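Observations on the model geometry
Spelled out, the chains give:
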Amino acid sequence: MRARPSRSTTVRAALPVAILAALAGFASPAAAAAPAPCGGIPQITDPSKDGHHPNTDVLSAWFSEEAGRLQAVVKTFGAGHTAEHTDAELNVAAYAVLFEVAGRTRFVRASLPTGAPGFQYDYGTYTAPSTFTVEGTTTGSEIGGPGGTLTIDVPAQTGATPGVTLARPFVLTYDGVSGGVPDWVDHAPGGVSPTDPSVGADYVVGSCAPLVPVPGGDPVPGPGSTPVPAVRTSAVALTAPARLTGGGLAKLTGRVVPARGGVPVDVTVTGGRKLVRRVSTAADGSFAVTVPLKQTSKVRAVAEGIGSQTATVTVRSTVRIAIKRLPGGIVTVRGTVRPALPGKALLLRTTSSIPTATTRVSAAGTFSFRVKRPRTGRYQAVYIPSSGRAERSVSNTGVIR
């Protein structure tokens, strides 16, 4: 049973002490198991250990209606969910699941201040980068241990009613608040910053409500749920290669739910110049498209207004050098980078961490060093792409005699 919403209160990432005290009675006892994601596939997945505190490092998150009501679940890497900061003005571990409804970003959140009797659960609206406006309280439960979960009931007051799309979901976690600013730990999917543009897969409320058997008839949706028309896409999955060496063509595959043929899917690639490719699904709901990638890029697929999780394809650069000795003790080192991206190149002896020379890499992916009477030995070039557009790389080894 959910508590009635309280008067809207604006907070900066954490609740005031008075509200925390009022919420203390709303923490629910630990559940036996977290509700499963629809179809076994979470809306959000995120790498482990990309957050600097294990307890608030997110592995995955999803919406579920397995319990007969809408719930948000966050799975974490660490063995516990307590705050690991001890020097913040407010030592608190917090986990917020955010999503868009009717153009507004809503949230449900679980937070555990140090010394509190248990988790507090609330909901409201969010304004980037750090303002949570609390509108009321809700309920939830925790399962501790490595890979533990937090389950938060999503009230209808958030706008999450049957048939509504919870768009562009993501998770923000933080550990400690000082000066009204949270110490952000994880943005899932993505990195750490609350303004990271990566998002999870959209979810249509009611699309995975449990069916209730009816004697002598077909199962029907459970109480309080509304069936989603079979002709409407309710979920989109997208798979992309995690890495691509040297740039080139990347094959992206996916599927729509429910499975139908002829559904138009727009696949968007952002990273440098924006690219949009439209494909249609096969009879089994699957689709595939090959796109050229010159730098690290984010990709997302949208079908009938329902989007997939953002996938990131990291491009690994490659670099090769050729060494030539000229008259007068001068040595030239010429290099080529793939994909062709601007950046910086360092020339180092393999036995030293101090560069012998540095130079700029052109937009065509070429560079050269001209060194007068260098020390003999084995040399390599280290390529550093500008603006993190690809992973840095180390060249083959050349010898100066």
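The coordinates are above.
Summary of the structure given here. (Residues numbered from 1 in each chain as written. Predicted model: local features only at pLDDT ≥ 70, side-chain atom pairs only at ≥ 80, totals over all residues. Heavy atoms only, no water.)

The tendency in soluble globular proteins is for nonpolar side chains to be buried side by side. Ranked by internal contacts, the top residues of the largest apolar core, which has 28 residues, are Phe-63, Leu-70, Leu-166 and Val-171. Broken down by secondary-structure element, the contributors of at least two residues to this core are β3 (58-64), β4 (71-76), β5 (90-101), β6 (104-113), β7 (120-127), β10 (149-153) and β11 (165-178). Top element by residues in this core is β5. It accounts for five residues. With 22 residues, the next largest nonpolar core counts Leu-238, Val-263, Val-265 and Ala-303 among its residues. (Core = buried A, V, L, I, M, F, W, Y, C linked by side-chain atoms within 4.5 Å. Buried < 20%, exposed > 50% of the residue type's maximum accessible area, 1.4 Å probe, protein only. Helix = DSSP H or I, 4+ residues; strand = E, 2+ residues; numbered from the N terminus.)

Strand order in this open sheet of five strands is β2-β3-β4-β10-β9, and the pairing throughout is antiparallel. Looking at which strands have only one partner, the edges of the open sheet turn out to be β2 (44-45) and β9 (140-143). Sheet topology places β2 next to β3; two bridges connect them, and they run antiparallel. Residue pairing for β3: Thr-45 is matched across the bridge by Ser-60. (Pairing = 2+ DSSP bridges.)

Applying the stated criterion across every chain yields a total of nine aromatic pairs. With a centroid separation of 5.6 Å and 85° between ring planes, the pair formed by Tyr-174 and Trp-184 is classed as edge-to-face. Here Tyr-174 is found in strand β11, whereas its partner Trp-184 is found in strand β12 (residues 181-188), with 10 residues between them in sequence. Take Tyr-174 and Trp-184: they sit in the same class, and that class is buried. Arranged with centres 5.6 Å apart and planes meeting at 70°, the rings of Phe-367 and Phe-369 form a pair that is edge-to-face. (Phe/Tyr/Trp six-rings, centres within 6.5 Å; stacked < 30°, edge-to-face > 60°.)

Time to look at unusual backbone geometry. Cis rather than trans, the peptide bond between Ala-188 and Pro-189 has omega equal to 0°. The linkage connecting Val-257 with the following residue, Pro-258, adopts the cis geometry, with an omega of 0°. Of note, Pro-258 is situated in the loop between β18 (248-257) and β19 (264-270). Located in the positive-phi region is Ala-102, a residue other than glycine, with phi close to 55°. Mapped onto the elements, Ala-102 comes out in the loop between β5 and β6. Classification of Ala-102 as exposed rests on a relative accessible area of 78%. Here Ser-387, not a glycine, exhibits a phi torsion of approximately 60°, which is positive. The exposure class of Ser-387 is exposed, given its relative accessible area of 73%.

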